[in-house]
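Working through the structure, step by step
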Amino acid sequence: MSRQPGGRRFDPRAGFRTEGKDRGPTVPQGLLKAARSSGQLNLAGRNLEEVPQCVWRINVDIPEEANQNLSFSSTERWWEQTDLTKLIISSNKLQSLSDDLRLLPALTVLDIHDNQLTSLPSAIRELDNLQKLNISHNKLKMLPEEITSLKNLKMLYLQHNELTCIPEGFEHLSNLEDLDLSNNHLATVPADVALLSSLLRLNLSSNQLKSLPAEISRMKRLKHLDCDANLLETVPSDMGGMESLELLYLRRNKLRVLPEFSSCRLLKELHLAENQIESLGAEHLQHLQAILVLDLRGNKLQSVPEEVALLQSLERLDLSNNDISSLPSSLGNLHLKFLALEGNPLRTIRREIIAKGTHEVLKYLRSKIKDDGTSQNDSIPKTAMTLPSESRVNIQAIVTLKLLDYSDKQATLIPDDIFDATKSNIITSVNFSKNHLCEIPKRNNFLSSLPEEMSSLTKLQTINLSFNRFKVMPAALYDIPTLEAVLISNNQVGSVDPQKVKLMENLSTLDLQNNDLLQIPPELGNCVQLRTLLLDGNPFRVPRAAILMKGTAAVLEYLRDRIPA
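Quick look at the structure, then. Note that this is a predicted model, so its numbers are computed, not measured.

We now examine the overall build of the chain. Counting its secondary structure elements, the chain contains eleven helices and 21 strands. A burial count over the chain gives 50% of its 565 residues as buried. Here the analysis covers contacts within the chain between residues at least 6 apart in sequence; of these, 37% occur between residues at least 24 apart. Accessible surface, the chain as shown: approximately 27,000 Å² in total, 46% of it carbon and sulfur.

Printed below as a string of structure tokens:
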């Protein structure tokens, strides 16, 4: 504790203080000194009503300690200070920002969320290096056009404001990857938003949108689109052409019909709850090869098409609170982890079976297939030219989904005539899960180990090897550059090569659940191409369950942090 003139004590650990009417609030010198060294300054939660001048001028003015003629060590030379690159002044009481913001041109991160800002200064255009701007949870009614000058901006968070429009020139933010406009008062989205060619995530939820611009379907890199809680009655018919889309949220709207998702082969989650959808046809489902979650609760569906059985990757299906009176028996052939049926007038399944949960419902539906002497392929007409093998595989899946499915047959080998059934059709996905395969078919297929010839399957995108006896991730998989999804759950896999996984640039889904992994290599965190990494049910101790529950991004970040320096 030092003593100032007049006997007043000053504690350098104290927060902000006001020294005279003109100077306004100041910042402890220790905090400024640390910021000059690190390039980062965090003033969050300080009850600030204005930003102290010393913050704007941190890289302009000579430090106070230099004026006091103090001696400096080689590590404390103020003239070798680092420009401020990260400024956090969130959770304060700021109503405006000064044009002195321009004095911090090196900023790459500016976080001013959770304040009372009603406008932004035009000087924001001079922050040429800015990559992340968080202005969420303020009172902005409009954005200055100058914000469109931030050419290096990658992340822009504007949620929970009072915006009614998006300024012209927004398309100039050519490097923008993440844009959150949720919880505003937007009634329209300009077509030019579709020109944001780098955008990966777009959140438009909780606005007042009645339609989306048709041009949105041109956003070929977009992976995550959230339009929950709007007033949408339709979506553009070409939305099904968004080939990179992985997550689509359209809950709590007024949708009656859906587009055909013809090119959405990477779509993993489709959320359509609480709309007014009356029908679901084969055309809506047949291309969803990678779908994991399908949420249709709270609609007006009266039936479920047989083609739902083609969704071999599906894990969660919510059909609750619809008008469904019966289910196709072929639904029992899916390997669902969760099936919700409550709130439907079902007549073909007793309530006590539904009450026992997903496993019992699927078991019951499979029993109906056997009782009826039918299979999931009975809807396909047989002709005099139909091969016996064609009655054992889903020909429709081969033709429309390029999927060869011979799963859950309890077979010890794959008959050659099953391959003959594919004829000249191109196969991009194979599902031989839930069998007892112990030798490799002579054709280029699998199990226990995979032949080197597998690498010649240059168009293979999805492979499902679940419920087998693999002890390692098959080496052949690392050499198939087109693979997008590897499903190898419920095996005995004890190791995975993170360096080789990293080289699989198109791999977005890796399911390693219920294996024998005693440890997860930290280098797996560098596999940033992964959007879905499933590790539950393994005997490793870290990452802990709390980390796994946070999702793939959190797991990868955790692993990266554990990579030895």
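So, about the packing of aromatic side chains. Applying the stated criterion across every chain, the model contains zero aromatic pairs. Above the plane of the ring of Phe 338 lies Arg 316, whose end atom (NZ or CZ) is 4.2 Å from the centre.

Here Asn 92 shows up in the loop between β4 (86-88) and β5 (109-111). Side-chain polar atoms of Asn 92 contact the backbone nitrogen of Asn 47, separated by 3.0 Å. Among the polar contacts listed, one links the side chain of Asn 92 to the backbone nitrogen of Leu 48, at a separation of 2.9 Å. Beyond its immediate chain neighbours, meaning those up to four positions away, Asn 92 contacts Leu 43, Ala 44, Gly 45, Arg 46, Asn 47, Leu 48, Asp 114 and Asn 115.

As a further point, take unusual backbone geometry. Following Val 542, the chain continues to Pro 543 via a peptide bond in cis, the omega torsion being 0°. Relative to the assigned elements, Pro 543 resides in the loop between β21 (532-534) and α10 (545-548). Located in the positive-phi region is Asn 514, a residue other than glycine, with phi close to 55°. Tracing the sequence through the fold places Asn 514 in the loop between β20 (509-511) and β21. Residue Asn 514 is classed as partly exposed on the basis of its relative accessible area of 37%.

With that settled, consider the nonpolar core. One finds Leu 87, Leu 120, Leu 133, Ile 135, Leu 156, Leu 179 and Leu 327 to be the most contacted residues of the largest nonpolar core, which totals 98 residues. Listing elements by their share of this core, those giving two or more residues are α1 (29-38), α2 (53-56) and α6 (358-371). When residues in this core are grouped by element, the largest group, four residues, is from α6. The contact partners of Leu 179, leaving out residues within four places of it in the chain, are Leu 156, Leu 158, Phe 170, Leu 196, Leu 199, Arg 201, Leu 202 and Asn 203. If you look at the next biggest cluster of nonpolar residues, it comprises 34 residues, including Val 501, Met 504, Val 555 and Leu 559.

Turning to the pattern of salt bridges, a few remarks are in order. Applying the stated rule across the entire model yields eleven salt bridges. Across the pair Glu 146 and Arg 125 runs a salt bridge, and its minimum N-O distance is 3.8 Å. Placement of Glu 146 in the loop between β6 (132-134) and β7 (155-157) and of Arg 125 in the loop between β5 and β6 is noted, with a sequence separation of 21 residues between them. In this structure Glu 146 comes out as partly exposed when scored by relative accessible area, which is 23%. Taking the relative accessible area as the measure of exposure, Arg 125 reaches 35% and is therefore partly exposed. Note that Arg 256 is salt-bridged to Glu 278, the shortest N-O span being 3.8 Å. Remark: Glu 278 occurs in the loop between β12 (269-271) and α4 (282-285) and Arg 256 occurs in the loop between β11 (247-249) and β12; sequence separation between them is 22 residues. Overall, Arg 256 belongs to the partly exposed group, its relative accessible area being 43%.

Attention shifts here to α1. Where α1 is concerned, the buried positions are Leu 32, Ala 35 and Arg 36. Seen end-on, α1 carries its buried residues on one side only, within an arc spanning 100°. Positioned one or two residues after α1, Gly 39 has a phi angle of 80°, which is positive.

Rules used in this analysis
- Residues numbered from 1 in each chain as written.
- Predicted model: local features only at pLDDT ≥ 70, side-chain atom pairs only at ≥ 80, totals over all residues.
- Heavy atoms only, no water.
- Helix = DSSP H or I, 4+ residues; strand = E, 2+ residues; numbered from the N terminus.
- Buried < 20%, exposed > 50% of the residue type's maximum accessible area, 1.4 Å probe, protein only.
- Contact = heavy atoms within 4.5 Å.
- Areas by Shrake-Rupley, 256 points an atom, 1.4 Å probe, with all protein chains shown as cover.
- Phe/Tyr/Trp six-rings, centres within 6.5 Å; stacked < 30°, edge-to-face > 60°.
- Lys NZ or Arg CZ within 6 Å of the ring centre and 35° of its normal.
- Polar contact = N/O pair within 3.5 Å; in protein donor to acceptor, adjacent residues only side chain to side chain.
- Core = buried A, V, L, I, M, F, W, Y, C linked by side-chain atoms within 4.5 Å.
- Salt bridge = Lys/Arg side-chain N within 4 Å of Asp/Glu carboxyl O.
- Arc of directions from axis to C-beta.

Note that every value here comes from positions in space, so none of it alone points to a role or purpose.
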